[in-house]
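# Overview (structure and organization)
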Protein chains: 8
Amino acid sequence: MDKDDIKKLLEAVKNGGIEIERAVKEIEDLPFKDLGFAVIDNHRQIRTGYPEVIYCEGKTVEQVRNIIEFMLTKENNILATRASEEMFNAVKEICSEAKYNKLGRTITIKKREETLSESYIAIISAGTSDLPVVEEAYETALILGNKVEKIVDVGVAGIHRLFARLEVIRGAKVVIVIAGMEGALASVIGGLVDKPVIAVPTSVGYGANFGGFAALLSMLNSCANGISVVNIDNGFGAAYNASMINKL
Amino acid sequence: MDKDDIKKLLEAVKNGGIEIERAVKEIEDLPFKDLGFAVIDNHRQIRTGYPEVIYCEGKTVEQVRNIIEFMLTKENNILATRASEEMFNAVKEICSEAKYNKLGRTITIKKREETLSESYIAIISAGTSDLPVVEEAYETALILGNKVEKIVDVGVAGIHRLFARLEVIRGAKVVIVIAGMEGALASVIGGLVDKPVIAVPTSVGYGANFGGFAALLSMLNSCANGISVVNIDNGFGAAYNASMINKL
Amino acid sequence: MDKDDIKKLLEAVKNGGIEIERAVKEIEDLPFKDLGFAVIDNHRQIRTGYPEVIYCEGKTVEQVRNIIEFMLTKENNILATRASEEMFNAVKEICSEAKYNKLGRTITIKKREETLSESYIAIISAGTSDLPVVEEAYETALILGNKVEKIVDVGVAGIHRLFARLEVIRGAKVVIVIAGMEGALASVIGGLVDKPVIAVPTSVGYGANFGGFAALLSMLNSCANGISVVNIDNGFGAAYNASMINKL
Amino acid sequence: MDKDDIKKLLEAVKNGGIEIERAVKEIEDLPFKDLGFAVIDNHRQIRTGYPEVIYCEGKTVEQVRNIIEFMLTKENNILATRASEEMFNAVKEICSEAKYNKLGRTITIKKREETLSESYIAIISAGTSDLPVVEEAYETALILGNKVEKIVDVGVAGIHRLFARLEVIRGAKVVIVIAGMEGALASVIGGLVDKPVIAVPTSVGYGANFGGFAALLSMLNSCANGISVVNIDNGFGAAYNASMINKL
Amino acid sequence: MDKDDIKKLLEAVKNGGIEIERAVKEIEDLPFKDLGFAVIDNHRQIRTGYPEVIYCEGKTVEQVRNIIEFMLTKENNILATRASEEMFNAVKEICSEAKYNKLGRTITIKKREETLSESYIAIISAGTSDLPVVEEAYETALILGNKVEKIVDVGVAGIHRLFARLEVIRGAKVVIVIAGMEGALASVIGGLVDKPVIAVPTSVGYGANFGGFAALLSMLNSCANGISVVNIDNGFGAAYNASMINKL
Amino acid sequence: MDKDDIKKLLEAVKNGGIEIERAVKEIEDLPFKDLGFAVIDNHRQIRTGYPEVIYCEGKTVEQVRNIIEFMLTKENNILATRASEEMFNAVKEICSEAKYNKLGRTITIKKREETLSESYIAIISAGTSDLPVVEEAYETALILGNKVEKIVDVGVAGIHRLFARLEVIRGAKVVIVIAGMEGALASVIGGLVDKPVIAVPTSVGYGANFGGFAALLSMLNSCANGISVVNIDNGFGAAYNASMINKL
Amino acid sequence: MDKDDIKKLLEAVKNGGIEIERAVKEIEDLPFKDLGFAVIDNHRQIRTGYPEVIYCEGKTVEQVRNIIEFMLTKENNILATRASEEMFNAVKEICSEAKYNKLGRTITIKKREETLSESYIAIISAGTSDLPVVEEAYETALILGNKVEKIVDVGVAGIHRLFARLEVIRGAKVVIVIAGMEGALASVIGGLVDKPVIAVPTSVGYGANFGGFAALLSMLNSCANGISVVNIDNGFGAAYNASMINKL
Amino acid sequence: MDKDDIKKLLEAVKNGGIEIERAVKEIEDLPFKDLGFAVIDNHRQIRTGYPEVIYCEGKTVEQVRNIIEFMLTKENNILATRASEEMFNAVKEICSEAKYNKLGRTITIKKREETLSESYIAIISAGTSDLPVVEEAYETALILGNKVEKIVDVGVAGIHRLFARLEVIRGAKVVIVIAGMEGALASVIGGLVDKPVIAVPTSVGYGANFGGFAALLSMLNSCANGISVVNIDNGFGAAYNASMINKL
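Residues numbered from 1 in each chain as written. Chains lettered and ligands numbered in written order. Predicted model: local features only at pLDDT ≥ 70, side-chain atom pairs only at ≥ 80, totals over all residues. Heavy atoms only, no water.

### Remarks on the sheet that holds strand β2 (residues 78-81) of chain C
Residue and element names in this part refer to chain C. To keep things clear, this is the line we draw: Two strands are counted as paired when DSSP detects at least two bridges linking them. Secondary structure is summarised from DSSP: a helix means a run of H or I of at least four residues, a strand means a run of E of at least two, and numbering begins at the N terminus for each. Here an axis means a line fitted to C-alpha atoms, over the contact stretch when the element is a helix, while the angle between two N-to-C directions is reported on a 0 to 180 degree scale. Only heavy atoms enter the contact rule, under which two residues are in contact if any of them lie within 4.5 Å.
Judged by pairing direction, the sheet is mixed, and its four strands sit side by side in the order β1-β2-β4-β3 without closing on themselves. If you trace the sheet from one side to the other, it starts and ends with β1 (52-55) and β3 (99-101), each paired once. Each strand axis lies, on average, 15° off the axis of its neighbour in the sheet, ignoring direction. Examined bridge by bridge, β1 and β2 share four bridges and lie parallel to one another. In the strand pairing of β2, Tyr55 is matched with Thr81. Packing of helix α5 (residues 85-94) onto the sheet brings it into contact with β3 and β4 (106-109), and relative to β4 it is tilted by some 20°. Where helix α6 (residues 131-143) meets the sheet, it contacts β2, β3 and β4, and its direction lies at approximately 15° from that of β4.

Shown next, in the form of C-alpha cells:
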C-alpha cells in the first residue's frame, strides 16, 4: 500500500465510495502489516540478483528438498549452505542443473546470469584445512555476482609466499582472510593492504584453540586497522558482507 | 628510494659514477629498508587525507605530548584516541587548534580540510551509556574525511523510534551499530538495511554482561546477514573500517 | 497425617485409648516424615490436573517403561520429555493411547480431560531449527491444561513477519520466546508486549555460539523489561512456568 | 493518535475540512511515528500506575537531574535505580518529595497513589549481603503498585528459619528469590511452593563465585520446576516481571 | 519444645488441663517452628566449643559491631572473618579482650577455654603471599579448639624444604594445604601423606592465574588421592572442615 | 634401606668389610632412591587393607588385563574404576572371583576380608541419573573396608524425602553428597548435619550446566560450613577421602 | 637471486648487456619475490637435517599420500604427525621404508642418517595415558636428529620414582615434561633441574579438567623458573623446540 | 654436606672417631635435610652468576627491605621484580648501589661483574605499551649475565620495520617476543627465524582481550614452529628461560 493507494482511499472517503469505519480499519492495519511487509520484502528478496539462501544444518533432507522445490518456482538463483551430499542428491532429482561443492558443502542453482562488476573480492587463507570455509565463501561470492580471486596456502609461517601474491591481494576492492590456529594472517594482511578486511576465524586447530575461539579473539584484537570479524567458520557471512561492499 | 632513484643509481653504474660493489650493497639493503618503508608509508600515512593516529591508553602525558609534537611537523591531520583531559591540556600548549571531545576522549587537530564524499556513514546506538563509543567513532569518521549521521537512543526496547529514523539509516553507504547489554540492535538493523553493517559491542551493562562479552557474542551470532564485528568499545576501529568502505 | 488425625490422636490420649509414650513418639516423628510428606505431596502431585512428569535423558528404555507403568496406576496424565522413539515404542506396548511428538521428543498420555482456562500462552520462535524446543514447550503447556498459540518463523532478520502476528502475541496472558543464535527476538518481543516473557535460549547456531551460551547471555542482558530466562533448550521448564502464570 | 483521531481526520476529509494531500502526509507518517509512538507509549508509560524509570549507572549527576526534571512535568510516579547519594541530593533540590533508599540505591517520587491489588509479591533472600538487591526489588515492586512481603535471612544453611516463614511465602502470588554464593535457596523454595519463582543471582561471594556467575548457573540448572532467572543483581528486573504477574 | 514438653502437653490433654483444639494447633505448628528450630540450633551453635561466626565482607562497621554486641550476650567464643582494622577498633570499644590478626583479618574473642584434643591440624603453604589465607585458617582452627602446626614457605620449587618438614606433616590427623599460582603443592603433599588433605587455592598469582582459578582447577584435578577442595581463599572453610575431622 | 641396614653398612666400614669409596657411593644414592622408595611404598601400598587401584579410562582391554594379572600376584584386594564390560570379561578369564558393577563401571576382586569399623559413610544423591557416580563411590568405600549407607533419590525439589532419612544421615561419621544440575543438595545437607561433607558434582544436566561446571561452582560456593569438593563425577576420589576420615 | 646475481646484473648494466629500464624492473621486483623467497627457503627447509613435516589432521588419506609422494622426490627425511593407520597403509604402498608409531600416530621416513649430537633431550611423563603425546614428541625428536631419553610413569603422586631417575633427567640439555590432570609434574621437575623445561599439557583427565585446560593453566602459572609451555597435546611442537635448543 | 664430608664421616667411623649410633643419625637425616638442601642450593643459588630473586607483588615495603637486607649478606647479585618506587627508596637506604628501572619495576643490585657470553638474547616487542614487560625481561637477562639486543616497536601492522631489523634478530641465540593485543608478532617471528622463540603475551589491549588471554591463546596456537609460551606479562620468566638457553 503506497502513497497513491492512500490517496485513492481518501478520495473514496471524500466522495463516499467507502464507509469511514472500514477506512479507519484499513489505515489502522497499515503500519505493521501490508506496507511494512512490502518495504522489507522489497529491500532484500525481490531485488534482482539476490539469490534465495537456505542454511541446511539441522534440517532434514526432505525439508531441504521441499524448500528448494518451492524456491525454484520463483526463478531466482539459489544457494544452500552446510548441505550434505545426500541433500544434494535429493535436490538433483528435482533440478538437474544443481551443482555441489563437496569441500564447501554448498549447493548452487543458477537460474540467470549476473553481470559481474569489474572489481573483485580476494579470498585468502593459510592452510589446506581452512579450505571448506574458503569454498563456502567462494561459492557465496560467485552466486551473489562477484569476481573472486582465491589465494590459498599463504600462512604466516612462510610469509614470503604471501608477499609473492601481494599485488593481486592489493588489487581487490575488499579482502576476506580465512585463518584458524592463531589467526595471525588477518593482522599481517591488515597491515599490508589499504582495503576493508573481513576476517573469518576457523575452527581448525587443537588444544587451547577451543574450536576457533583463539583465532576469533586474535582477530578481534588485531593491532592492524580496517579489520572486522564474522563468526567462526562463517564463510557465507563473510562473502555476503564482502559482496555488499564490492557492489558499492 | 623510488623508481627514479633506482634508475639514477643504475645510470651511475653504467657511466662509472659509482663502484659496482657499493651499488650491490645499496640494492641489497633496499627491499626491507628504504623501498619497503616507502611502499608502506605510501600506502597509508602519506596518502592525502589520512590522519596520524595515536592510541593514548597506557602512555604517559609526556609521551603523548612528544609524539604529537613530532607529528605536527608532518602537517597531517592528527587523531588521538583514549586521551585524558590532562593529555589534551598538554597538547593544547603546543598546538592551540587542538580540540577535545570529552565524551569520546579524542583529541583532533585539523591541518588541512578534506573534500568530503557525497555518501555518508550512519552511526546508530541504543542508549546514552553508549555515547562515549559513539563519539570516538564520530570523531574518527570526521577526521578521516567522511560525512556522518548520528542516530542515538533508538534501542530495541522501543523499536518504533528506530523505524522513525529508518530513512536516514537506509540512505547511508555503510552503517555502524553501537550497542551494549544484549546487542540486539545490530540484528534488527541488519534485518532492515541492505548495506554493510559494522557492529561495535560496548561494555555497557552489568552482571552476566561480562564487560561486553554478551553483546560481542550476540553480534557474532547475528541471524541477519551483512554484519561484521569489531572489538568491544572499539569505536575507532569501526569508523576506520567504515571510512574505507565509504570511500570505495 | 492431617489436622483430623491429630485431633483423633489427642482424643484417644484423653480417653486413654493410647498410651502417652506412644503418642509422644508419633508426634515427634510427625514434622519431617508423615505430615511433611503429605504437605509436599498435596501441593504438587495430587492436585487435579498436574501430570506425572518423567525426564528420560540418561535413563534406559526399560527404566522409562517401568516408571510409566507405575505412573499409569495413579490415573494421572503423564508427560515424558527427552524421550527417544525406542522409548515410545516400549511405552506404546503397555499403553495404547500414548502419543509421541517426534520433533519435541515427548510422550504424552491423557487419562482425563482438563478444563482449559480462557487465557492462552503464546509460544514464539525464530527459525525452523528451534522447533524441537517449541514442540517440547507446546506439549508441556497442553498436558498442563493450557490453550496455546504457536507463532513460529518470526525471526528478527525479517521483522515485518513478527509485526504481522503482533495482535495474537499481545493477546496472550504470558509469552514464551524461543530463540537460538543471538537470541535478539526476546528483546524485540519484550519491547512490544506488556506481558511476562519467558525466554528460552536454544543451542541452535555454530562457532561462537558455544552451545546456546550466546543466546543465554543475550537474553539475560536484555534491555527490555519483563523478561526472565530458563536454561538452554529447556522448553519444558518454560512451559511449566508459563502454565503457573497462565492459571493465576 | 488513536482510533478516534483517525476517524476525525477521515470525517474532515469527507466534509472537506482538510485537503487530501495533507491527510495523505499525516497518514503516511503515522505508522512509525505518531501512532507507533502512541501504541508503545500507551502500552507502557501512560497506563495508570506505571512509573517513569531511569537507570542511573554510567550517567552523570547532571544528566540524571535533567532527565528527572523533564519526567516531573508528566505527573507520573518516578523510579531511579542505581542512583548515588549525590544524585539524590541533586534531585532533592528540584523535587522535595523524592525519597532515597540508601541500601537499594533507588530514588522514588510518588505523584499519585496506586490502588494496590489484594495479592502480594514475596521477596526472599538468604543473607544480609543480598540486601541491596532486595531493596532495589522492594522499591520497584512498591512503586509499580504491589503489596510486598520481605522475608530476609532465610538461607539454606539454616533451613528451619525458612520453614518457619513458609506460610507467608506460600500465600504470595509470585515469589522473588534473591541469593548469592551458590544460590541454592531458589531450588529449595521452588520445591516448596507452587507459584512462579523469579530467581535473582547476586554477586555476593568470593573466589570461584565469579561475580555471581556461580549463583546464575545454579539457578538456571535448578532441579525444581517453575523457576526463571534474571540477570545478576537485577532486583529491578525481577520486580518488574513479578509485578506483571501479580497484576494478571 | 522437646520430648518432655510434648509429654507434658499430652498429659494436660489427658487430664483436661488444655482443650484439644488448642493442643492440635500447638502440635501443628511444631515441626517447622519450635522443634525444628531447636534441633538445628542444638546441633550447631549451642554445642560447647562452637564459636559464633560472622563474615564481615560487605557489612558496615556498625553492623559488625552490633552483631558482635548481641553475640557477646551469649557467652560463646566469637570469630569474625574478613574484618577490617576499622571494624576491630569498633569491636574493641565494646569488648576489650577482642584480638585482631592483621594478616588474617580475623577478630577473635575468647569467652571460655576449650579442652584441646591431642591430635593436631597441619597447615602448610608455599609462599609468603599465601599468608593471609594461612592466618585465617589458623585463627579459625584455634578458636574451634584445635592444636595446629603451621609449616609455611615449603613450595614445590624448593622441594627439599618440604621433605625437611615431612615428619611433622605426617604426624597430623588432617592436613590443610594452601597454595596459589599452579597449586602443585597439594598434589605433592597428597602423594606423601596418608591423611585427608583439604586444599585451599589462593588468588595469589597473575596473568593466566585468573584470580585463583588455575590453582582451583589444578587441585580438583590432582592425580593424588585423598584431596578435597574448598573455595578460593577460603581459609575459614578449610579450617572448619579440618576441625570437624580432627575432632572425630 | 632402613636404620638397621645403615648400621650394618657402617659396621662394615668400621671393620673394613667394605671400602670407603663404595660406602660413600651407597650413602650418596640413598636419599632419593632406596630409602625414599621404601618410605613411600610403606606408607601407601603395603599397608594392610589398601587395595590396588587401576583407573581404566584411556587404557586398552589388554593393558587392563595385564596390569591386573600382575596385581593378582600381590594378594591384595583390587579395584578397577571406569572399566568397560569388555574389560571385565577379560579380567574374569584370569580371575573368576572378579565382580562387576555395571552402573558404577567398577571391577572388584576381594583377596582378603577387611575388619570393618563400627562407623559408616553415608552416600546421598538426588536423582537416578547420578547413580553411576554413587555406585563408583559405593564400591570404592566397600573395598576400602567401610560400612556404607546409600540414600538415593532425595533431591532438593522434594525436600521432605530428605528429612525422612535425616536420622541415618546424621548417624554417619562422614557424608558424601553426589548431585548434578545445580548441586543444591550439598548445601542443604551441609546445613543439616554436623559432620564433614564431601561433595561430588556430577555431569548430569544440560544447557548451561556445562558438563557439571554449574554443580561444581555451586558446591564450592556453598553457604553451609563443613563442605569440601572433589572433581566432577569423581565418586572414587570422594570415597577414598571419606574412607580416610572414617578410619581416623 | 643472491649477491652474485646482483653483481652480474650491475656488470651487465655497466657494459650495456642489459637495458636500464629492464634492470630497474628486476630490482624493483626483488624484495618481496625472488630474494625474499630464497632467504626464507634457505633458512628452514633446505638446511641439512630438517625433515619435511606434514600435519595430517583434517586431511584425507589421498591428500596425505599425494603430499608425501611429492616430498619423496626431495630426498629429505619425512615426518607425518596425527596420521591414521589407514594413512600409513597408503603411504606404505609408495614407500616401503615408511614406519608407523601407532601410539604416537606418526609416520617417519628416513632418507639419510643424521649425525647425532652428544647431548640429549629428556622426555618425562606421569602416566600411561600421556603416552601418545610422549611418542609423538619422541619420534619428532629422533627424526630431527637428537638423542632422547624417555622417562615415563614418574607422576607426582609417587614422587620417589621421580627421584630415582633424577640423574638421567639432570644430565639432559633440555627437558620435555608431558603431563595431564593437574600438570604438577612440570613444577616439580622445574624445581629440581637447572635446564630449560618445555611443558606439554595433555588432555588426559576428566571433569573440571576441561580438555587439558587445567594442566595448561597449571603449567603457565608454575612457581618454578625455567618453564615454558606449548599447546595442549602438542608433542611435536615441544620436540621441535627442544631440538632447536639441543642443537645450540 | 658433600661427597668429601661423607668420606670424612666414614673415615671417622672407620678409625673410631665417631660412634656408629651418631653416624647413623647423621646419615639418616641427610637425604631430606642437609644433602638435599645442598644439592638444591648448589644447583641454583650458589652457582656463579645466579642472582637472588625476590618477587615483590603482595609484599609490604618493610618485608621487601628486610629480605633484601638479608640477601645482601650473601654477596650475590640481587634482582627484585614488580617493585614499587617506594620499595626502591627503602632499599636505597640500606644499599646505595641499588638501581631502579621505573618502567620495568625492577630493583637490581650488582655485587660482582659477570663474564658475559658471546651470544646474545634478542628481546622484540610490538608497541610502546609492552615496554614494562620488555624492561622486566631486559633487566632480568642482564643481571643473569647475558648480552641483550632490544628491538622494540616492530609490530605486525607495519611489517617492514620488522624486516629492517631481521639481521640482528636472526643473529641471536634465543629470541623473546613480547606482544599484547592479538600477539601475532610471535608467529611472524617464528616463521622468520630458526632459533627458539619464547613468547610473552602481555595484558595490553582492551575489550575481548581479556587481560592478555587473547594473546596467550594466539601464541599457544601459533602455526609457526619453535615457539613456547610463558605466563601473561611474565617478562622475568621469559628472560630466565632464555638465559638458561643462551648459556648452554
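Alright, that's what it looks like, and here's the rest.
### What to know about the UniProt feature "domain: PurE" (unreviewed entry) in chain A
Selection criterion: UniProt positions are given in the numbering used here, feature names are shortened, and annotations may be inferred rather than shown by experiment.
Within this structure's numbering, the places UniProt gives as "domain: PurE" (unreviewed entry) are residues 119-248 of chain A. Taken end to end, residues 119-248 of chain A is 41% helix and 19% strand, and its two terminal C-alpha atoms sit 10 Å from one another.

### Thoughts on the interface of chain H and chain G
The cut-off we apply is this: Each of two parts loses accessible area, computed with a 1.4 Å probe, when they are put together; buried area is these two losses added. Each reported salt bridge corresponds to a side-chain nitrogen of Lys or Arg within 4 Å of a carboxyl oxygen of Asp or Glu. Under the rule applied, a polar contact is a pair of N or O atoms within 3.5 Å (in protein, one hydrogen donor and one hydrogen acceptor; residues adjacent in sequence only if both atoms are side-chain atoms). Residue polarity is assigned by list, with Asp, Glu, Lys and Arg as charged and Ala, Val, Leu, Ile, Met, Phe, Trp, Tyr, Cys and Pro as nonpolar; anything else, Gly included, falls into the polar class.
At the interface, 32 residues of chain H touch 32 residues of chain G. Summed over both partners, the interface of chain H with chain G buries about 2900 Å², with 57% contributed by carbon and sulfur atoms. Of all residues in chain H, Asp194(H), Leu220(H) and Leu248(H) bury the most surface against chain G, accounting for 22% of the area lost on that side. Where chain H packs against chain G, one counts zero salt bridges. Between chain H and chain G we count six residue pairs in polar contact (both at pLDDT 80 or more) in total. Taken together, the elements giving at least two residues each to the side of chain H that touches chain G come down to α3 (34-46), α9 (184-192), α10 (213-220), β9 (227-229) and α11 (235-246) of chain H. Here the side of chain H that touches chain G takes five residues from α11(H), the largest share from any one element. The residue makeup of the side of chain H that touches chain G, split by class, is 17 nonpolar, nine polar and six charged.

### Some words on the sheet that holds strand β1 (residues 52-55) of chain G
Residues and elements named next belong to chain G. Across the sheet, which stays open at both edges, the four strands sit in the order β1-β2-β4-β3 with mixed pairing between neighbours. Looking at which strands have only one partner, the edges of the open sheet turn out to be β1 and β3 (99-101). In this sheet, adjacent strand axes meet at a mean angle of 15° when their direction is disregarded. Alignment of β3 against strand β4 (residues 106-109), held across three bridges, turns out to be antiparallel.

### So, the packing of aromatic side chains
We count it as follows: Centres within 6.5 Å are what make two rings of Phe, Tyr or Trp a pair, Trp counting through its six-membered ring; a difference in plane orientation under 30 degrees is then read as stacked, over 60 as edge-to-face, and the rest as tilted. The cut-offs for exposure are 20% and 50% of the maximum accessible area for each residue type, with area from a 1.4 Å probe on protein chains only; residues under the lower value are buried, those over the upper are exposed, and the others partly exposed. Note on geometry: a ring has a charge over it if NZ (lysine) or CZ (arginine) is within 6 Å of the ring centre and within 35 degrees of the ring normal.
All chains considered together, the criterion is met by 36 aromatic pairs over all chains. Their ring planes at 55° and their centres at 5.8 Å tell us that Phe236(E) and Tyr240(E) sit as a pair that is tilted. Of this pair, Phe236(E) and Tyr240(E) both sit in helix α11 (residues 235-246), four residues apart, which is roughly one turn of the helix. Summarising the burial analysis for this pair, Phe236(E) and Tyr240(E) share the class buried. Over the ring of Tyr206(H) we find Arg82(B); its NZ or CZ atom is 4.4 Å from the centre of that ring.

### A short note on the relation of the copies chain H and chain G
Counted only if it meets this: The copies were overlaid by least squares, fitting only the C-alpha atoms of residues that reach a pLDDT of 70 or more in each copy.
The two copies are related by a screw operation: chain H maps onto chain G through 179° of rotation and 0.3 Å of translation along the axis, at an RMSD of 0.7 Å. Look at the turn and shift together and you get a two-fold axis relating the two. Relative to the rotation axis, the closest C-alpha in chain H is found at Val229(H), a distance of 2.5 Å. Here 100% of the contact residues of chain H are again contact residues in chain G; the copies associate through an equivalent surface.

### Observations concerning the domain arrangement of chain A
Many structure descriptions define interface size as the accessible area lost when the parts assemble. All names here are of chain A. In plain terms, the rule: For every domain, the bounds stem from an assignment made automatically or drawn from a database.
Taken as a whole, chain A is organised into domain 1 (31-109) and domain 2 (117-247). On a C-alpha basis, the centroid separation for the pair domain 1 and domain 2 is 25 Å. Counting the surface lost from both domain 1 and domain 2, the interface buries some 1200 Å², and carbon and sulfur atoms represent 63% of this. At the junction of domain 1 with domain 2, the criterion picks out one salt bridge. For the pair domain 1 and domain 2, the interface holds four residue pairs in polar contact (both at pLDDT 80 or more). Looking at the side of domain 1 that touches domain 2, its residues break down into seven nonpolar, seven polar and two charged.

### Notes on the pairing of strand β5 (residues 120-125) of chain D
Residue and element names in this part refer to chain D. Using the following cut-off: Handedness rule for crossovers: strands pointing away from the viewer, path from the first strand over the helix to the second running clockwise, crossover right-handed.
With six of its six residues buried, β5 lies for the most part within the structure. Alternating residues of β5 divide into Tyr120, Ala122 and Ile124 and Ile121, Ile123 and Ser125, and every residue in both groups is buried. Note: β5 against strand β6 (residues 147-151), five bridges, orientation parallel. Note on β6: the bridge partner recorded for Ile123 is Lys150. Assessed by its sense of winding, the connection that carries the chain from β5 through helix α5 (residues 131-143) to β6 is right-handed.

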